[in-house]
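The lines below spell out each chain.
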Amino acid sequence: MRLTLNLILDGPDGETPIAFMPNRFIVAGWTSRNKAAMEHHMTELETLGIKRPATTPVFYRNATSRLTTADVLQTPGPGSSGEVEFVIFNIEGNLWIGAGSDHTDRDVEAYNITVSKQMCDKPICNRLWPFAALQEHWDSLEIESHAVIDGQKVTYQKGTVATMLAPGDLIAAFEQENGTTFAPGDVMMGGTLPAIGGVRPADRFEFSLRNPSTGAALAHGYDVEQLKNVG
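Residues numbered from 1 in each chain as written. Predicted model: local features only at pLDDT ≥ 70, side-chain atom pairs only at ≥ 80, totals over all residues. Heavy atoms only, no water.

1. Some thoughts on the overall build of the protein chain
Phase 1 of the analysis: Helices and strands together make up the secondary structure of the protein chain, namely five helices and 17 strands.
Phase 2 of the analysis: Taking 231 residues into account, the globule formula puts the C-alpha radius of gyration at 17 Å, and the protein chain, at 17 Å, falls close to it.
Phase 3 of the analysis: Within the protein chain, the fraction of its 231 residues that count as buried is 49%.
Phase 4 of the analysis: At a minimum sequence separation of 6, the contacts of the protein chain that also span at least 24 residues come to 72%.
Phase 5 of the analysis: Carbon and sulfur atoms make up 51% of the accessible area of the protein chain, which amounts to about 10,700 Å² in all.
Phase 6 of the analysis: On the protein chain, the mean spot of the 18 positive side-chain charges and the mean spot of the 28 negative ones are 4 Å from each other. (Helix = DSSP H or I, 4+ residues; strand = E, 2+ residues; numbered from the N terminus. Rg over C-alpha atoms; globule rule 2.2 N^0.38 Å. Buried < 20%, exposed > 50% of the residue type's maximum accessible area, 1.4 Å probe, protein only. Contact = heavy atoms within 4.5 Å. Areas by Shrake-Rupley, 256 points an atom, 1.4 Å probe, with all protein chains shown as cover. Lys, Arg positive; Asp, Glu negative; His and termini not counted. Charge placed at Lys NZ, Arg CZ, Asp CG, Glu CD.)

Dropping the structure here:
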């Protein structure tokens, strides 16, 4: 049975609840427009033993069952962490924008990034905005995450989506590389920002995508439950 996500389309005509069945789920990596910032993120991951990609951007296929709107995420051991990303949805031929966390097992990422992307669920906000309403001021959208580490809430990432490839450019790169269109039912995470203070695990992760022109925000948070790794 295919996964069904209960989402809310927050459009010009009000809120519309939908049951959305994703067809493909893609996690885009190394999407920064700023080569220096991307180099910084590569370097911080290299300190964890994670190899840099041969080319950028990179598109990792993920199981659609990894998408979740739950507020608790269970992980195998302590070696995982979240990262805020904007998320692109193709719903009946129209693009919608959400917010999510590409929660990744960093221990596994050290030897195989593709496998690491499959190790953890990817929490997303259940509310989406129409891309058409955001397109003219896309670069002003603010993206931010907070983490609770050792009982203290800290700002983990902060910036704007202007640092990453815009949805149209990202979709074009994906279609060129894969030879297929970004079709109805497809979902893509759009890349992330460097972690302030370095990549590290947390007991709770919160993220948001904010539209400064309206003050509205897409936001979600989840607790991280570490499952005992018995080998």
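Okay, back to it.
2. What to know about the layout of surface pockets
Rolled over the atoms, a probe sized like a water molecule indicates the empty space that remains.
Phase 1 of the analysis: Reported here for the second largest pocket is a volume of approximately 180 Å³.
Phase 2 of the analysis: Along the walls of the second largest pocket sit L9, I18, A19, F20, M21, N90, I91, E92, N94, W96, P184 and G185, which together make up its complete lining.
Phase 3 of the analysis: When residues of the lining of the second largest pocket are traced back to their parent elements, those giving at least two are β2 (14-20), β8 (84-91) and β9 (94-101).
Phase 4 of the analysis: Among the elements that make up the lining of the second largest pocket, the one with the highest residue count is β2 (three residues).
Phase 5 of the analysis: Residues of the lining of the second largest pocket, tallied by class, amount to eight nonpolar, three polar and one charged. (1 Å grid on protein atoms, 1.4 Å probe; cavity = no way out; pocket = protein on both sides within 12 Å on 5 of 7 lines; lining within 4 Å. Points joined across faces, edges and corners; volume = space filled by probe spheres on them. Nonpolar A, V, L, I, M, F, W, Y, C, P; charged D, E, K, R; others polar.)

3. A word on the sheet that holds strand β13 (residues 142-149)
Phase 1 of the analysis: The five strands lie next to each other as β6-β17-β16-β13-β14, forming an open sheet whose pairing is mixed. Of all the strands in the sheet, just β6 (72-76) and β14 (152-160) have a single pairing partner and so form its edges. Strand-to-strand twist of the sheet, defined as the mean angle between neighbouring strand axes without regard to direction, takes the value 20°.
Phase 2 of the analysis: Where β13 and strand β16 (residues 204-210) come together, seven bridges link them in antiparallel fashion. Each residue of the ladder has a partner; that of A147, found in β16, is F205. (Pairing = 2+ DSSP bridges. Axes fitted to C-alpha atoms, helices over the stretch in contact; angles between N-to-C directions.)

4. Structural notes on the pairing of strand β12 (residues 127-130)
Phase 1 of the analysis: Across two bridges, the pairing between strand β1 (residues 5-11) and β12 is parallel. Considered in β12, the bridge of L9 is made with L128.
Phase 2 of the analysis: Relative to β12, β9 runs antiparallel, the two being bridged by two bridges. Bridge pairing in β12 links I97 to W129.

5. Remarks on the nonpolar core
Phase 1 of the analysis: F86, F89, I124, W138, M188 and L209 are the most contacted members of the largest nonpolar core, which has 60 residues in total.
Phase 2 of the analysis: If one sorts the elements of this core by residue count, β8 sits on top with six residues.
Phase 3 of the analysis: The residues touching L209, leaving out its near neighbours within four places in the chain, are F86, I97, G98, A99, W129, L141, E142, I143, V161, A216, A217 and L218. (Core = buried A, V, L, I, M, F, W, Y, C linked by side-chain atoms within 4.5 Å.)

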